[in-house]
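Structural overview
Listed below, chain by chain, are the residues.
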Amino acid sequence: MSHAADHELDRLPGGARAAVEAILMVVDHPTSTMELASTLALPVDRVNRILTELRDEYDGYTGSGPNGASKLGEPRGFELRNVAGGWRIYSRADFADYVSAFVLDGQSARLTSAALETLAVIAYRQPVSRARVSAIRGVSVDSVVRTLTTRGLIEEVGTDPVSGSLLYGTTAYFLERLGVDSVGELPQLAPHLPGLENLHDFDDSTY
Amino acid sequence: MSHAADHELDRLPGGARAAVEAILMVVDHPTSTMELASTLALPVDRVNRILTELRDEYDGYTGSGPNGASKLGEPRGFELRNVAGGWRIYSRADFADYVSAFVLDGQSARLTSAALETLAVIAYRQPVSRARVSAIRGVSVDSVVRTLTTRGLIEEVGTDPVSGSLLYGTTAYFLERLGVDSVGELPQLAPHLPGLENLHDFDDSTY
Amino acid sequence: MVEPPNPDGSHPSVDASPRFTLALTNFTGPFDLLLGLISKHELDITEVALAQVTDDFIAYIRNLQRSGQEWALDEASEFLVIAATLLDLKAARLLPQGQVEDDEDIALLEARDLLFARLLQYRAFKEVAAIIDARLVEEGDRFPRSVTLEPQFAALLPELIFNYTPTQVAELAAKALTPREPEPTEVGLTHLHAPAVSVREQAEIIATRLQEGKPLSFRALIVDAASTLEVVARFLALLEMFRDAVIGLEQASPLGELTVHWSVLNTGWTAAAVQEEYEPAPATGEAQGAEAQMADVEAIEPERAHQ
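Nothing here was measured: the structure is a model prediction, and the numbers come from that model.

**With respect to the overall build of chain C**
- Helix and strand counts for chain C come out as ten helices and three strands.
- Of the regular secondary structure in chain C, the N- to C-terminal order runs α-α-α-α-α-α-α-β-α-α-β-β-α.
- When burial is assessed residue by residue, chain C has 42% of its 307 residues classed as buried.
- Long-range contacts, defined as pairs at least 24 residues apart, comprise 67% of the intrachain contacts of chain C with a sequence gap of at least 6.
- Put simply, chain C shows about 16,200 Å² of open surface, and 56% of that area lies on carbon and sulfur atoms.

Written out as structure tokens, the structure reads:
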């Protein structure tokens, strides 16, 4: 598909910045800088700069100063966030009480502690079999795994080549619900395992 | 639901204006001034003023002058339009080419098997909520329901009186594509489909 | 912003009533219960704590039994395994402190370390679960823009290829609506750290050794057993072999050394006669789980150095 060169874009009212906004209006999942850059035929770093500036502007900052943003205006009622590998527009959390009245399919009910613990083990040990999660939690996790799958927070990601058991991992939706860009942004597990931080042979990267 | 009086709203960052934006940014259907006013517990004329100012601001005017707007900034990539008795945010028409390119990118002419199976379940269980279809299929169906809606095969047909979740049903277009006149003409499911009578076990409220 | 877990590692939502009441549904597993009890007594996770909460733990299980709750076998067995370990630890503390020489002492130390390791690991996951919960709640206040595609864009989508018949739709619906095969119930043998052990194989091992002619003590016969389960299997094998008069048993005094000798009368015996009904072999997935679990424990094994 051949796109307008960026000077064409610049001739439109609002330019590249407004074009990025226009696309953000129709996305239904976090959209990567790459996708935006390729649709708009703009360099990735320019799109990245636009996205960061928009985010700051919506938050009530300007991105104009050489030393970063300075507080200027009032925040907008929405925010632009970089989550689950892409950018997406959300209503600002301050207005949740008002917005929820208009969102018919509201956020689903809170997870039980059994479901949360199972989700945590899967998040940090993925890809992981149900049997292994059970071993860590000390109880069967079959029904909880089913609930988490139904709610789209985890999914089957393969089978163990040795045992043939199904392996589970977290979904992009999980990252989005958590407001993080990737699993790497989850809080470190190591500090919660006392006495381990001093050990040289302990491989942090597995957590 | 009892809402904060408008002075409470004014204490939130961005105030009443941001509250209106927050709602408009996530609602799918055009929203009337009345609905906004009653949810926000603001006078209708104040909401009307905010809406007009936002529209002008998005269009690149400011609404600050006493004698109407004066051209100032650049337009945003989105616009606020008053259509069908309500207000809704759309991507700005100037960027339709880019938005189209983005929307078409990677679109397939075929439904995935997940989408087909979801469609079949909705056809036989309508009106039905996404949560229930998820429970039946064992995976989250949010994104395929969106695809099916966009494709005009299913539509929202109401809300569940208990849970408040949206209920979906098939469209006339679906029947037409299938070559039948009504849902009643769909073949009977095997009457002895094992365990079908237990389907009510999928309790929506647990999801 | 993120609500930190309590210093003792318990989940903030764990019942905070001043006295421990045996609420039957509060805990999501034996580790959860144990952590709850330890924090209830304002103890750190130590051997002392484990010994002290044993009675509460047992009381909880008794209460569950009395209440006649339909209790999943795997959960119950995990509770029981831990209760047994706790009892051992408590008993060991009540006895005069002796030298650590005995195999049983070593086994006890290993059981204790394993329990510590698993408990600490579980607590770590519980803590991050609380952080995840707080994040999910916080993020739940943000609603993503997710609107129907504007009609002019929807109209641009490639014409849908949709050539299905009503019968095909019915078949798809029937397939989806048929309750799935119940997923294999994992009877949670994982916590037994139990690879499948064959009584028949163990009988063969015993027979080979005894047929060399020299009587052997039971202790000698199990000295190389890799796990408790193997000890049990060898014991079961001995009982079978004794019944079939393949072996003879001698015990000089009650609780004394048990000596086993091969019975010369039985030359035609083969291990095939031994019943295997003791151990439904765990599915491979479960065996795998046990291994994986051991791997988990190894990862935090160095904790021992700090005990």
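Additional details are given in the paragraphs that follow.
**Focus: the pairing of strand S3 (residues 78-83) of chain B**
Residues and elements named next belong to chain B.
- Alignment of S3 against strand S4 (residues 86-91), held across six bridges, turns out to be antiparallel. When the bridges of S4 are listed, Glu-79 appears paired with Tyr-90.
- Joining the antiparallel neighbours S3 and S4 is a turn of two residues, in which Ala-84 adopts a positive phi near 50 degrees.

**Overview of the sheet that holds strand S6 (residues 154-159) of chain B**
Residue and element names in this part refer to chain B.
- Here three strands make up an open sheet; going across it, the order is S5-S7-S6 and the pairing antiparallel. Lying at the two open borders of the sheet, with one neighbouring strand each, are strand S5 (128-129) and S6.
- Of the pairings in the sheet, the one linking S5 to strand S7 (residues 166-170) comprises two bridges and is antiparallel in character. Opposite Val-128, over in S7, you have Tyr-168 as the bridge partner.
- Here helix H6 (residues 113-125) sits on the sheet in contact with S5, S6 and S7, set at roughly 95 degrees to S7.

**Quick word on the packing of helix H7 (residues 199-210) of chain C against helix H9 (residues 228-243) of chain C**
Residues and elements named next belong to chain C.
- At a minimum axis distance of 8 Å, the contact between H7 and H9 shows a crossing angle of 70 degrees. Considering their axes alone, H7 and H9 lie roughly perpendicular with respect to each other. Counting all contacts with H7, which are made through Val-199, Gln-202, Ala-203, Ile-205, Ile-206, Ala-207 and Arg-209, the residues of H9 involved are Glu-230, Ala-233, Arg-234, Leu-236, Ala-237, Leu-238 and Met-241.
- Its residues placed into classes, the contact of H7 with H9 shows ten nonpolar, one polar and three charged.

**Observations concerning the pairing of strand S6 (residues 154-159) of chain A**
All names here are of chain A.
- Pairing geometry for S6 and strand S7 (residues 166-170), over five bridges, is antiparallel. Note on S7: the bridge partner recorded for Thr-159 is Leu-166.
- Following S6, the chain reverses through six residues before pairing antiparallel with S7; Gly-164 in that reversal takes a positive phi of roughly 80 degrees.

**Here's the deal with the sheet that holds strand S1 (residues 216-217) of chain C**
Residues and elements named next belong to chain C.
- Taken in spatial order, the three strands line up as S1-S3-S2 in an open sheet, and their pairing is antiparallel. Edge positions in the open sheet fall to S1 and strand S2 (247-251), since each of these has one partner strand only.
- Where S1 lies against strand S3 (residues 258-262), two bridges are found, and the strand directions are antiparallel. Within S3, the position partnered with Leu-216 by the bridge is Val-260.

**Thoughts on the interface of chain A and chain B**
- In this complex, chain A contributes 47 residues to the contact, which on the side of chain B involves 53 residues.
- Summed over both sides, the interface between chain A and chain B buries roughly 4,400 Å², with carbon and sulfur atoms accounting for 67% of that surface.
- Summed over the three residues of chain A that lose the most area to chain B, namely Arg76(A), Tyr98(A) and Phe102(A), the buried surface amounts to 18% of that side.
- For the interface between chain A and chain B, the tally reads five salt bridges.
- Summed over the shared surface of chain A and chain B, the result is eight residue pairs in polar contact (both at pLDDT 80 or more).
- Looking at which element gives the most residues to the side of chain A that touches chain B, the answer is helix H2 (residues 15-24) of chain A, with seven residues.
- Tallied by class, residues from the side of chain A that touches chain B come to 25 nonpolar, eleven polar and eleven charged.

**Considerations on unusual backbone geometry**
- Residue Pro127(A) follows Gln126(A) across a cis peptide bond; omega there is -5 degrees.
- When you line up the elements, Pro127(A) lands in the loop between helix H6 (113-125) and strand S5 (128-129).
- For Ala84(B), which is not glycine, the phi dihedral falls at a positive 50 degrees.
- Within the secondary structure, Ala84(B) is located in the loop between S3 and S4.
- Positive phi is not limited to glycine here, since Ala245(C) has a value of about 60 degrees.
- Along the chain, Ala245(C) falls in the loop between H9 and S2.

**Considerations on the pattern of salt bridges**
- All told, the structure shown has 38 salt bridges over all chains when counted by the stated rule.
- For the salt bridge of Asp59(A) with Arg92(A), the shortest nitrogen-to-oxygen distance reads 2.9 Å. Taken together, the positions of Asp59(A) in the loop between helix H4 (44-58) and strand S1 (61-62) and Arg92(A) in the loop between strand S4 (86-91) and helix H5 (96-99) put the pair 33 residues apart, joining distant regions of the chain.
- The closest approach of N and O atoms between Glu79(B) and Arg92(B), which form a salt bridge, is 3.8 Å. With Glu79(B) in strand S3 and Arg92(B) in the loop between S4 and helix H5 (96-104), this pair connects stretches of sequence that are 13 residues apart. Exposure class is identical for Glu79(B) and Arg92(B). Each is buried.
- Bridged by salt links that share partners, the residues Arg17(A), Glu21(A), Glu57(A) and Arg76(B) form one connected network.

**Some points on helix H8 (residues 142-150) of chain B**
Residues and elements named next belong to chain B.
- If you check which residues of H8 are buried, you get Val-144, Val-145 and Leu-148. End-on, the buried residues of H8 take up no more than an arc of 105 degrees, which puts them together on one face.
- Summarising the contacts, the buried residues of H8 are in contact with H6, helix H7 (130-137), S6 and S7.
- Phi turns positive one or two residues past the end of H8, at Gly-152, with a value near 75 degrees.

**A word on the environment of Thr159(B)**
- With respect to the helices, strands and loops of the structure, Thr159(B) is situated in strand S6.
- C-alpha of Thr159(B) to C-alpha of Val128(B): the two residues are 31 residues apart in sequence and 9.2 Å apart in space.

**Side note on the packing of aromatic side chains**
- If you walk through the whole model with that rule in mind, you get eight aromatic pairs over all chains.
- Plain terms: the ring middles of Tyr58(B) and Phe78(B) are 4.8 Å apart, the flat faces sit at 80 degrees to each other, and that makes the pair edge-to-face. Of this pair, Tyr58(B) sits in helix H4 (residues 44-58) while Phe78(B) sits in strand S3, and the two are 20 residues apart along the sequence.
- Residue Tyr58(B) is classed as buried on the basis of its relative accessible area, which comes to 0%.
- Here the aromatic rings of Phe162(C) and Tyr164(C) are separated by 5.1 Å at their centres, their planes lie at 75 degrees, and the arrangement is edge-to-face.
- When the ring centre of Tyr90(A) is taken as reference, the NZ or CZ atom of Arg81(A) above it lies at 5.8 Å.

**Focus: the domain arrangement of chain A**
Residue and element names in this part refer to chain A.
- When the domains of chain A are assigned, the result is domain 1 (3-101) and domain 2 (113-201).
- Facing the nine residues of domain 1 at the interface are six residues of domain 2.
- Across the domain 1 to domain 2 interface the summed buried area is about 500 Å²; carbon plus sulfur atoms make up 45%.
- Scanning the region where domain 1 abuts domain 2 turns up one salt bridge.
- We note a salt bridge from Arg-88 to Glu-176, for which the minimum N-O separation is 2.6 Å.
- Breaking the side of domain 1 that touches domain 2 down by element, the ones donating at least two residues are strand S3 (78-83) and S4.
- Class assignment for the residues of the side of domain 1 that touches domain 2 results in four nonpolar, three polar and two charged.

**What to know about the side chain of Ser163(A)**
- One can find Ser163(A) in the loop between S6 and S7.
- Engagement of the side chain of Ser163(A) in a polar contact is seen with the side chain of Ser165(A), the distance being 2.6 Å.

Reading the values: rules and limits
- Residues numbered from 1 in each chain as written.
- Chains lettered and ligands numbered in written order.
- Predicted model: local features only at pLDDT ≥ 70, side-chain atom pairs only at ≥ 80, totals over all residues.
- Heavy atoms only, no water.
- Helix = DSSP H or I, 4+ residues; strand = E, 2+ residues; numbered from the N terminus.
- Buried < 20%, exposed > 50% of the residue type's maximum accessible area, 1.4 Å probe, protein only.
- Contact = heavy atoms within 4.5 Å.
- Areas by Shrake-Rupley, 256 points an atom, 1.4 Å probe, with all protein chains shown as cover.
- Pairing = 2+ DSSP bridges.
- Axes fitted to C-alpha atoms, helices over the stretch in contact; angles between N-to-C directions.
- Parallel < 35°, antiparallel > 145°, perpendicular 65-115°, else oblique.
- Nonpolar A, V, L, I, M, F, W, Y, C, P; charged D, E, K, R; others polar.
- Buried area = accessible area lost by both parts, 1.4 Å probe.
- Salt bridge = Lys/Arg side-chain N within 4 Å of Asp/Glu carboxyl O.
- Polar contact = N/O pair within 3.5 Å; in protein donor to acceptor, adjacent residues only side chain to side chain.
- Arc of directions from axis to C-beta.
- Phe/Tyr/Trp six-rings, centres within 6.5 Å; stacked < 30°, edge-to-face > 60°.
- Lys NZ or Arg CZ within 6 Å of the ring centre and 35° of its normal.
- Domains from an automatic or database assignment.

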